[in-house]
Amino acid sequence: MSTRLKEAGILLAGLLLAVNAAAAEHPLRVSKDGRRLVQANGKPFLYLADTAWELFHRLNREQAELYLRNRADKEFTVIQAVLLAELEGIREPNAYGDVPLIDGDPGKPNPKYFEHVDWVVAKAESLGLTIGMLPTWGDKWHGRHNQPGPSVFKDDRSAYEYGRYVGNRYKSRDVIFILGGDRNVDSKQDLSFTRAFAKGLKEAAPKILISYHPRGPGRSSDALHKEAWLDFNMVQSSHTGRDYDSAIHIEHDRKLKPTKPTLDAEPRYEDIVVDFYYASANSAVRFDDTDVRLAAYASLLAGAAGHTYGNGNIWQMWSPPHKPVLGAHAPWFEAIDHPGAFQMRHVRRLFDSRAWEKLQPQDGLQDGLIVSPNPGASGLRARAALASDNSFAFVYLPRGEPVAVDLGRLGPGRLTAWWFNPRYGHAHEIYRGDAAAFQAFTPPSSGRGQDWVLVLDQGDAKKPAPGSSGAPPQGK
């Protein structure tokens, strides 16, 4: 055995010993009501992901550990990454000089390349992170929109065999498999290929969940919702429309039968050009942390099983001398501390401070929790969710708009109200009184970047302040 292989084996063994009790709570599964993901012990799992498509391909182990520790510290729960990556992922070797496929053949996976992937997956697991693993980016199999390529899967058999290889290799790891890779199922050929891929994965790893990442804006449910292998849906609301209400895709999927969880796997990325499809990457406005928060809270309160953060510099793990794509300009190791990433921790802590799995979306005025029209601009509107036992509610106000709420929905009895600041994660109590009749609430500030969450609790402040749980990564 080579010295390099011995060292890799020692490192991997050490990581596996370091994996904490969190691993025992995998594999994840779908909840009985079909609305969310749960751990093996039945505890709810909030899918809070970061988009790191080029993680395996571009980072060495020291860099990967720096990135993963940063994301664990910010309390993400999932890292989305690709085995056969988009940006010259077949031709350009990884940090150790290895390409993923010998002779570009998916029937000949390169063991040295996958040893590095093994290390990264084990490191993520040791930090309480689940890898949302895309076996391949869509340009490696889809005959259309095929830049940069190359397409290496020639038939259904090649997809099935590679799926079995990936499934066998990672069937005991804390992973979720994600097919698609920014491509839609547009034809019978695409559907046959995707089914073959899923069959290989499921035969090898029957307990691992499978989803599908579509091209944006798009939804996996449009072509695949009734596929038995598809455990939960993904949407890509994509990178268009600063005030676009991306949660409409979540509303769409929640109405489908059979019931399956759904979430936004690629919303607008922090620091990427708004509407980059049409504008110059060097001259246009970029999405900021406000845009990131709007997408996250809207989707979760519309009933999503989780949410995905992204950053225009991080998905590609950009730093010199790599060529920047779509206007990347901040090295990934600086971009990991952009404000929107910190604010995902506040999302996590707010939801973990209450029994978020009980939340049921309140679809505007018709469900009766919000009783006054919301004057939100350009498609933005208040989003609200009420616990199934009426014990608490969240109301998200994207511009700090005044809102009137029917407190009787949380009654009878007493009620405590709080303002939660999603920018800084702070909460302060504003009201104690009877849970009856209508009550108007005016946030402390208003305007763009002044979003607020109104938290309503049954009882006299018996619960901790919203967002104060300080919960460690799920499973720990």
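Residues numbered from 1 in each chain as written. Predicted model: local features only at pLDDT ≥ 70, side-chain atom pairs only at ≥ 80, totals over all residues. Heavy atoms only, no water.

(A) Structural context of the side chain of Ser 211. Position of Ser 211 relative to the elements: it lies in strand 8 (residues 210-212). Using a relative accessible area of 0% as the deciding quantity, one classes Ser 211 as buried. Each residue touching Ser 211, except ones within four places of it in the same chain, is listed here: Phe 177, Ile 178, Leu 179, Leu 230, Phe 232, Asn 233 and Met 234. (Helix = DSSP H or I, 4+ residues; strand = E, 2+ residues; numbered from the N terminus. Buried < 20%, exposed > 50% of the residue type's maximum accessible area, 1.4 Å probe, protein only. Contact = heavy atoms within 4.5 Å.)

(B) Representation of helix 9 (residues 289-301) in the model. Helix length check: helix 9, at 13 residues, gives a terminal C-alpha distance of 18 Å against a target of 18 Å (1.5 Å per residue), a fit within 8%. The buried fraction of helix 9 amounts to 13 of the 13 residues, a majority that puts the element mostly inside the structure. With a side-chain oxygen positioned 3.0 Å from the backbone nitrogen of Thr 290, the residue opening helix 9 is Asp 288. Just past helix 9, the residue Gly 303 takes up positive phi, approximately 110 degrees. (Expected span 1.5 Å × (residues − 1). Polar contact = N/O pair within 3.5 Å; in protein donor to acceptor, adjacent residues only side chain to side chain.)

(C) Structural context of the packing of aromatic side chains. Applying the stated rule across the entire model yields 17 aromatic pairs. Ring plane angle 80 degrees and centroid distance 5.3 Å describe the contact between Phe 114 and Tyr 165, whose orientation is recorded as edge-to-face. Taken together, the positions of Phe 114 in helix 4 (residues 111-126) and Tyr 165 in helix 5 (residues 156-170) put the pair 51 residues apart, joining distant regions of the chain. Assessed through its relative accessible area of 0%, Phe 114 is described here as buried. Ring geometry for Phe 153 and Phe 197: centres 5.7 Å apart, planes at 50 degrees, overall tilted. Here Phe 153, found in the loop between strand 6 (130-136) and helix 5, pairs with Phe 197, found in helix 6 (residues 188-204); they are 44 residues apart in sequence, far enough to count as distant. Owing to a relative accessible area of 4%, Phe 153 belongs among the buried residues under this scheme. For Phe 197, a relative accessible area of 2% translates into the label buried. Aromatic ring contacts, followed pair by pair, group Trp 141, Phe 153, Tyr 162, Phe 193 and Phe 197 into a single cluster. In this arrangement the basic side chain of Arg 61 is found over the ring face of Tyr 96, its NZ or CZ atom lying 5.4 Å from the centre. (Phe/Tyr/Trp six-rings, centres within 6.5 Å; stacked < 30°, edge-to-face > 60°. Lys NZ or Arg CZ within 6 Å of the ring centre and 35° of its normal.)

(D) Local environment of the confidence of the model for the protein. The predicted model of the protein averages 90 in pLDDT, with 88% of residues at 70 or higher. This stretch, residues 10-24, has a pLDDT under 50; its non-local contacts, to residues over four places away or in other chains, come to 24 contacts. Across residues 470-476, confidence stays below pLDDT 50; counting only partners more than four residues off in sequence or on other chains, it has 25 contacts. (pLDDT = per-residue confidence, 0-100.)

(E) Quick peek at helix 5. With 15 residues, helix 5 ought to run about 21 Å at 1.5 Å a step, and its terminal C-alpha atoms sit 21 Å apart, in line with that. The set of residues buried in helix 5 consists of Ser 158, Ala 159, Tyr 160, Tyr 162, Gly 163, Val 166, Gly 167 and Tyr 170. Each element contacted by the buried residues of helix 5 is listed here: strand 5 (78-84), helix 4, strand 6, strand 7 (175-179) and helix 6. A side-chain oxygen of the first residue of helix 5 lies 3.2 Å from the backbone nitrogen of Arg 157; this N-cap is Asp 155.

(F) Molecular detail of the sheet that holds strand 13 (residues 359-362). Read from one edge of the open sheet, six strands run 13-14-15-20-17-18, paired in antiparallel fashion. Each edge of the open sheet carries a strand with a single partner, namely strand 13 and strand 18 (426-434). Going from strand to strand, the sheet's axes swing by 20 degrees on average, the running direction of each strand aside. Taken together, the four bridges between strand 13 and strand 14 (residues 383-387) define a ladder with antiparallel strand orientation. (Pairing = 2+ DSSP bridges. Axes fitted to C-alpha atoms, helices over the stretch in contact; angles between N-to-C directions.)

(G) Representation of the environment of Glu 334 within the structure. Looking at the element boundaries, Glu 334 is found in helix 10 (residues 332-335). Considered as a pair, Glu 334 and Ile 314 are 20 residues apart in the sequence and their alpha carbons are 9.3 Å apart.

(H) Up close: the pattern of salt bridges. In total, this model carries 35 salt bridges according to the counting rule given. A salt bridge links Arg 36 to Asp 33; the shortest N-O distance between them is 2.9 Å. Its relative accessible area of 38% is what places Asp 33 among the partly exposed residues. Among the salt bridges present, the one from Glu 251 reaches Arg 383, with a minimum N-O distance of 2.6 Å. (Salt bridge = Lys/Arg side-chain N within 4 Å of Asp/Glu carboxyl O.)

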